[in-house]
Amino acid sequence: MLFALSAENAHRLGMACLRVASALPLVLGVLRRWSGATEPLLRIRALGLDLSSPLGLAAGLDKDAEAFEALGALGFAFVEIGTVTALAQPGNARPRLFRLPIDRALINRMGFNNHGAQAAHARLAKPRTTLVGVNIGRSKLTPNEAAVADYVQSAERLAPHADYMVINVSSPNTPSLRDLQAVEQLRPLIVGVQAAVRRVAPSRNVPLLLKVAPDLADADVDAIADLALELKVDGIIATNTTLSRDGLLSSASDIEGCGAGGLSGAPLKERSMAVLRRLRAKVGDKLVLVAVGGIETGEDAWQRILAGATLVQVYSALIYAGPSLPRRIRRELADRVRSAGLPNVSAAIGERDNLRA
Ligand SMILES: Cc1cc2nc3c(=O)[nH]c(=O)nc-3n(C[C@H](O)[C@H](O)[C@H](O)COP(=O)(O)O)c2cc1C
């Protein structure tokens, strides 16, 4: 039914339902029962958190921290809210979200539409049951020269209520944002946000992760990994959406009709995996790697874990498969762990060469 609506109207309707559900304990209970208990062998400790499984929801769906309780009840062990910016902003003009069903892909140029850090703070400050990561980005009106102060402002507001924080420097839809991935720009940004997080949440060790683009040259992936190790960042999320349109099955006119934006979903699978492998080769198990990009099944999640991911996230597949997706991925992943004869999912991380996949 949602596919009869435009992509953004379907998104708004879906989010409205999730928002309402989040406020109704009875409905949350029903959703939790429907999504079922997570298998104990999927439990995992990462980033100082006890997670019911490695499966989380990627940033961009719950931009304003309005529906994380319902999303948690659907079976995501953690929900990444945002991207939140220091200033509230409307995002780009519509239409800005498109489906390519033949490719099981989406193209978006949302442009960080969100109500700003202050509004998210009010929602996150309440008690909650779902683990929430907070993804922050640069406000559109702020130039890159002032980016550190902009990110710091969001970090100061939100870190006290975050289970982890993410510096997003990889969205293609905020002009020149991805230039912040260059190490000379990234270094002061990480240092500034790290200091802010420690300042506002001194008694909690709030983990800090970086989210990177799939379109980086190998040398840039290596440079970011080196910097993350040097500055003791806790983890890297790989990857955001791609600007590439390679390998799509949709017609050229359908693709061109979407215009500019980041491509996500099945066509991103290979490139995201390649970035993950490169990162793992560089950082080993010293950083937590979070895999995202084209994950649709338990098998996809399993392959990322074997390649070195501790955690995995999905977004586009949820749009195509619907709310039973987390339940299915968890079940399939648990089957993989069992068939490999492992006691738990943690034992599979980075074991590609030692286990028959
Ligand atoms: C409509 C849409 C909005 C998104 N917004 C954000 C965002 O605000 N911040 C961010 O870090 N990633 C955002 N993403 C990227 C996703 O978090 C994810 O990295 C990407 O879609 C690849 O995963 P997938 O193939 O499972 O969708 C967005 C993706 C989509 C489709």
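Residues numbered from 1 in each chain as written. Predicted model: local features only at pLDDT ≥ 70, side-chain atom pairs only at ≥ 80, totals over all residues. Heavy atoms only, no water.

(A) Region of the structure containing the overall build of the protein. From N to C terminus, the protein includes twelve helices and 13 strands. Against the 2.2 N^0.38 benchmark of 21 Å for 357 residues, the protein shows a C-alpha radius of gyration of 19 Å, consistent with a compact globule. Along the longest, intermediate and shortest principal axes, the C-alpha atoms of the protein span 50 × 45 × 45 Å. Across the 357 residues of the protein, 57% fall into the buried class. A fraction of 75% describes how many contacts in the protein between residues 6 or more apart in sequence connect residues 24 or more apart. Entry remark: accessible area of the protein is about 14,700 Å², with carbon and sulfur atoms responsible for 55%. Counting 42 positive and 34 negative side-chain charges, the protein places the averaged centre of each group 5 Å from the other. (Helix = DSSP H or I, 4+ residues; strand = E, 2+ residues; numbered from the N terminus. Rg over C-alpha atoms; globule rule 2.2 N^0.38 Å. Buried < 20%, exposed > 50% of the residue type's maximum accessible area, 1.4 Å probe, protein only. Contact = heavy atoms within 4.5 Å. Areas by Shrake-Rupley, 256 points an atom, 1.4 Å probe, with all protein chains shown as cover. Lys, Arg positive; Asp, Glu negative; His and termini not counted. Charge placed at Lys NZ, Arg CZ, Asp CG, Glu CD.)

(B) The site of the ligand, seen in detail. As a matter of local geometry, the ligand sits amid 25 residues, with Ala59, Thr83, Lys211, Gly294 and Ser316 nearest to it. Ala59 places a polar main-chain atom, nitrogen or oxygen, 2.7 Å from an oxygen atom of the ligand. Contact between the ligand and Lys63: an oxygen atom at 2.9 Å from a side-chain N or O atom of the residue. Notes on the ligand: free accessible area 600 Å², of which the protein chains cover 98%. At the level of elements, strand E4 (78–84), strand E6 (105–108) and strand E11 (262–265) are the ones that each hand at least two residues to the shell around the ligand. (Near = heavy atom within 4 Å. Polar contact = N/O pair within 3.5 Å; in protein donor to acceptor, adjacent residues only side chain to side chain.)

(C) View of the pattern of salt bridges. In the structure shown here, the tally under the stated rule is 19 salt bridges. Glu8 is the partner of Arg96 in a salt bridge, and the nearest nitrogen-oxygen pair spans 2.8 Å. Highlighted residues: Arg96 in the loop between E4 and strand E5 (97–100) and Glu8 in helix H1 (residues 7–22), separated in sequence by 88 residues. Assessed through its relative accessible area of 7%, Glu8 is described here as buried. Each of Arg104, Lys269, Glu296 and Asp300 takes part in salt bridges that share partners, so that together they form one network. (Salt bridge = Lys/Arg side-chain N within 4 Å of Asp/Glu carboxyl O.)

(D) Structural view of the side chain of Asn240. Looking at the secondary structure, you find Asn240 in the loop between strand E10 (235–238) and helix H8 (252–258). Using a relative accessible area of 12% as the deciding quantity, one classes Asn240 as buried. Looking at Asn240, its side chain comes within polar contact range of the side chain of Asn168, at 3.4 Å. One polar contact links Asn240 to Ser170, side chain to side chain, over a distance of 3.0 Å.

(E) Just the confidence of the model for the protein, in detail. Per-residue confidence for the protein gives a mean pLDDT of 96; residues scoring 70 or more make up 99%. Confidence, expressed as mean pLDDT per element, reaches its minimum in the protein at H1 with 95 and its maximum at strand E13 (residues 311–314) with 99. (pLDDT = per-residue confidence, 0-100.)

(F) Seen up close, the packing of aromatic side chains. Counting across every chain of the model gives two aromatic pairs. Between Phe3 and Tyr320 the ring centres are 5.6 Å apart and the planes differ by 55 degrees, which places this aromatic pair in the tilted class. Remark: Tyr320 occurs in helix H11 (residues 316–321) and Phe3 occurs in the segment before H1; sequence separation between them is 317 residues. With centroids separated by 6.1 Å and ring planes inclined at 70 degrees, the aromatic side chains of Phe78 and Tyr164 adopt a geometry described as edge-to-face. (Phe/Tyr/Trp six-rings, centres within 6.5 Å; stacked < 30°, edge-to-face > 60°.)

(G) A look at empty space enclosed by the protein. Within the structure shown, the criterion is met by one cavity of 30 Å³ or more. As a volume, the largest cavity reaches approximately 500 Å³. Where the lining of the largest cavity is concerned, the elements lending two or more residues are E6, E11, E13 and H11. Here the lining of the largest cavity is composed, by residue class, of 14 nonpolar, 17 polar and four charged. (1 Å grid on protein atoms, 1.4 Å probe; cavity = no way out; pocket = protein on both sides within 12 Å on 5 of 7 lines; lining within 4 Å. Points joined across faces, edges and corners; volume = space filled by probe spheres on them. Nonpolar A, V, L, I, M, F, W, Y, C, P; charged D, E, K, R; others polar.)

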